[in-house]
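Chains, contacts and geometry: an overview
Each chain is listed here by its residues.
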Amino acid sequence: MHTLDNARNDPRAGTMLRATVRDGRGLREFAVADLSSRGLMGRLEHPPGRGEFVELKVSGHILAGHVRWVKGPLFGVALRDRVDVARVLGGKPPPRSPTTTVAQMQPPQTLVRTVASYCVMALAAGCAAYVIADLFIL
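Read on for an overview of the structure. (Residues numbered from 1 in each chain as written. Predicted model: local features only at pLDDT ≥ 70, side-chain atom pairs only at ≥ 80, totals over all residues. Heavy atoms only, no water.)

Moving on, we get to the pairing of strand S6 (residues 74-79). Counting buried positions over the 6 residues of S6 gives 5, a clear majority of the element. In the sheet, strand S3 (residues 39-43) pairs with S6 via 5 bridges, with the strands oriented antiparallel. Its bridge partner being in S6, Gly42 is matched across the sheet by Phe75. Of the strand pairs in this sheet, strand S5 (residues 61-71) and S6 are connected by 6 bridges, and their pairing is antiparallel. Across the sheet, the residue bridging to Trp69 is Gly76, located in S6. Between S5 and S6, which pair antiparallel and follow one another directly, the connecting turn spans 2 residues, one of which, Gly72, has a positive phi of 60°. (Buried < 20%, exposed > 50% of the residue type's maximum accessible area, 1.4 Å probe, protein only. Helix = DSSP H or I, 4+ residues; strand = E, 2+ residues; numbered from the N terminus. Pairing = 2+ DSSP bridges.)

See the structure below:
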């Protein structure tokens, strides 16, 4: 049987690091329970929701990812980019500024959705114009 545990190839380092998470509820502090180059497990009384995109600040490193699972106060985040675990655990600053932010990870509003929104607004404006014309002109 193939489980999520069997699919994990990166070693995990247990930690007691304090970090911050920016999610739909704002900026909050949490504890990093373990860290790997592709993800982390955090502990927070009210964790972000599964599937939510988050921005994390751990030891001065800005990390972006999405929440893969939530179980009680624990949550797992799949990171967008690989992280140098030794550098983070050692408190060393990142080698360069981060390239990915939560805003870049959010799915963009599609063209179809935008066009549909404008069509609804145009239809409403046309209906209003017809009613006004019917009352005063016709």
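Among the nonpolar cores identified, the biggest contains 19 residues, and Phe30, Val32, Leu40, Leu56, Val58 and Val77 are the most heavily contacted of them. Val32 has contacts with Thr15, Met16, Leu17, Ala19, Leu40, Met41, Gly42 and Val58, leaving out every residue within four places of it along the chain. (Core = buried A, V, L, I, M, F, W, Y, C linked by side-chain atoms within 4.5 Å. Contact = heavy atoms within 4.5 Å.)

Take the pattern of salt bridges next. Under the criterion given, the structure shown has 3 salt bridges. Between Glu29 and Arg18 there is a salt bridge; the shortest N-O distance is 3.0 Å. With Glu29 in strand S2 (residues 26-35) and Arg18 in strand S1 (residues 13-23), this pair connects stretches of sequence that are 11 residues apart. We classify Glu29 as partly exposed; its relative accessible area is 48%. (Salt bridge = Lys/Arg side-chain N within 4 Å of Asp/Glu carboxyl O.)

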